[in-house]
Amino acid sequence: MPAPAPASRRPAQTPELQLPCLIIDKSTTGAVIRRRELVSRLLAGHCEVCGGTDDITVHHACSLTDLSERRQPHAAWVTVMLKKRRKALVACRDCHTSIHADG
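Residues take numbers from 1 onward in each chain, read along the sequence in its written order. Whole-chain, interface and lining totals are the exception, using all residues; otherwise, since this is a predicted model, local features are given only for residues with pLDDT of at least 70 and side-chain atom pairs are given and counted only at 80 or more. Only hydrogens and water are set aside when side-chain values are computed; all heavy atoms of the structure are taken into account.

Student: Account for the nonpolar core, naming residues and giving values.
Tutor: In this description, a nonpolar core means a group of buried Ala, Val, Leu, Ile, Met, Phe, Trp, Tyr and Cys residues linked to one another through side-chain atoms lying within 4.5 Å. Buried, partly exposed and exposed residues are distinguished by accessible area as a fraction of the type maximum, computed with a 1.4 Å probe on protein chains only: under 20%, between the cut-offs, and over 50%, respectively. In this structure, A61, L67, W77, V78, V80, M81, L89 and I99 together form the largest nonpolar core, which totals eight residues. Secondary structure is summarised from DSSP: a helix means a run of H or I of at least four residues, a strand means a run of E of at least two, and numbering begins at the N terminus for each. Top contributing element to this core by residue count: helix α3 (residues 76-84), with four residues.

What follows is the structure in structure tokens.
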């Protein structure tokens, strides 16, 4: 005959009488959600190189070290990225195209 199961493995006994209950969710209106910096910069809606507002995109660089080692004087977009110390730059379509043409 097998040994009885330990108390933690026994099936739960259901009570004969079930009482009604009320579940109250806590309000989430007081929570403050902080935006990521890049999202805030995108929502600003202007190019960080020329200040334009048409067709905003994001340019991403692999590393800031590669940018700082580029030829001197730096292009305007390189200077902006190095000052911000960020690998992402919010730019209008024209500036983004010129960044890629600059190499």
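Student: Could you give an account of the pattern of salt bridges, naming the residues involved and the relevant values?
Tutor: Should a side-chain nitrogen of Lys or Arg be within 4 Å of a carboxyl oxygen of Asp or Glu, the pair is scored as a salt bridge. The tally for this structure, following the rule as stated, stands at five salt bridges. Between E37 and R86 there is a salt bridge, with the nearest N and O atoms lying 2.8 Å from each other. Separated by 49 residues along the polypeptide, E37 in helix α1 (residues 37-44) and R86 in the loop between α3 and β2 (88-92) bring together distant segments of the chain. Since its relative accessible area comes to 39%, E37 is described here as partly exposed. Taking the shortest distance from any N to any O, the salt bridge between R93 and D55 comes out at 3.3 Å.

Student: I'd like a description of the side chain of T57, backed by residues and values.
Tutor: Relative to the helices and strands, T57 is located in strand β1 (residues 56-60). Here the side chain of T57 touches H96 through a polar contact of 2.9 Å, side chain to side chain. Any pair of N or O atoms that falls within 3.5 Å is considered a polar contact. Within protein, one atom must be able to donate a hydrogen and the other to accept it, and sequence-neighbouring residues count only if both atoms are side-chain atoms.

Student: Any chance you could break down a nonpolar patch on the surface for me, citing the residues and the numbers?
Tutor: Taken together, the side chains of L38, L42 and V58 present a nonpolar region at the surface, about 180 Å² in accessible area. Take L42: its relative accessible area is 34%, and that puts it in the partly exposed class. Any residue with relative accessible area above 30% and no salt bridge may belong to a patch, with like charges joined within 9 Å and the nonpolar Val, Leu, Ile, Met, Phe, Trp and Tyr side chains within 5 Å. Reported accessibility uses the Shrake-Rupley method at a 1.4 Å probe radius. Residues are deemed covered only where the shown protein chains occlude them.

Student: Could you give me a rundown of the environment of I99, with the residues and numbers involved?
Tutor: You can see I99 is positioned in helix α4 (residues 93-102). A C-alpha to C-alpha distance of 7.4 Å links I99 and W77, two positions 22 residues apart in sequence. By definition in these notes, contact holds between two residues if any of their heavy atoms fall within 4.5 Å. Once residues lying within four places of it in the same chain are set aside, the contact partners of I99 are H59, W77 and L89.

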